[in-house]
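# Chains, contacts and geometry: an overview
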Amino acid sequence: DVKVTQSSRYLVKRTGEKVFLECVQDMDHENMFWYRQDPGLGLRLIYFSYDVKMKEKGDIPEGYSVSREKKERFSLILESASTNQTSMYLCASSLSIGAGGNIQYFGAGTRLSVL
Amino acid sequence: AQTVTQSQPEMSVQEAETVTLSCTYDTSENNYYLFWYKQPPSRQMILVIRQEAYKQQNATENRFSVNFQKAAKSFSLKISDSQLGDTAMYFCAFMKLYDNYGQNFVFGPGTRLSVLP
């Protein structure tokens, strides 16, 4: 089974702090994604990566950055956390479309509270 | 741009009964995938069922089946013999067939399903 692991289930941070959310997948997937989940809004894509060191903005990238130094690891960075970034963050991975992949596999999520 | 709508924010069903969750979508694409994902409380989201738009036959996975109406752009999920473990948030999702990296996965707002004993 594909395993996508997010390093923290719950985080509480202060406004202005730099926050790192880590995600690791063990299936050698090319694509990795960071979503934000808010009630009534479903999942919204923040950033995605299709290869090491490659990243593309999603629908709501403002206030976030990402890093992918190794194929299995994709980090989401909140440069200066704000209260409106309080949310559930989900990481996902998938094979490349060329490899027949279109199913995204998700981590358990990190619930971030910014006070 | 594609949009996905789930008109039922919350639903409940008695254990062992059947329930249908609604999903409609808007797209000008002819070839695409549709998905239902399940997110149990405090657990990770998993794929329930997938449908390729170019296949006319409705997908089925054990107690889960879909009613795919391409012309109506409707993709409902039927859960038969509901079990307590089916309690979860259910998301309908859309992806274009030729989506290079899967970055255009579009999710609906979700339906919270409670299975009652």
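Above: the structure in question.
Okay, so let's go over this structure.

Thresholds, definitions, all that
Residues numbered from 1 in each chain as written. Chains lettered and ligands numbered in written order. Predicted model: local features only at pLDDT ≥ 70, side-chain atom pairs only at ≥ 80, totals over all residues. Heavy atoms only, no water. Core = buried A, V, L, I, M, F, W, Y, C linked by side-chain atoms within 4.5 Å. Buried < 20%, exposed > 50% of the residue type's maximum accessible area, 1.4 Å probe, protein only. Helix = DSSP H or I, 4+ residues; strand = E, 2+ residues; numbered from the N terminus. Pairing = 2+ DSSP bridges.

## Brief notes about the nonpolar core
All names here are of chain B. Of all hydrophobic cores here, the largest spans 26 residues; its most connected members are Tyr25, Trp36, Phe75, Leu77 and Tyr90. For this core, the secondary structure elements donating two or more residues are β3 (19-21), β5 (32-39), β6 (46-52), β8 (64-69), β9 (74-79), β10 (88-96) and β12 (111-116). A total of four residues in this core trace back to one element, the largest contributor, which is β10. Judged by nonpolar contacts, the second largest core, of 22 residues, contains Tyr33, Met45, Phe91 and Phe107.

## A closer look at unusual backbone geometry
A positive phi is found at Ala16 of chain B, a non-glycine position, where the angle reads about 80°. Residue position: Ala16 of chain B is located in the loop between β2 (10-14) and β3.

## Topic: the pairing of strand β3 (residues 19-25) of chain A
Residue and element names in this part refer to chain A. Of the two faces of β3, only one is covered, namely that formed by Val19, Leu21, Cys23 and Gln25; the face formed by Phe20, Glu22 and Val24 stays uncovered. Summarising the sheet, strand β1 (residues 4-6) and β3 pair through three bridges and their orientation is antiparallel. Bridge pairing in β3 links Gln6 to Cys23. Sheet topology places β3 next to strand β8 (residues 73-78); six bridges connect them, and they run antiparallel. Bridge pairing in β8 places Cys23 opposite Phe74.

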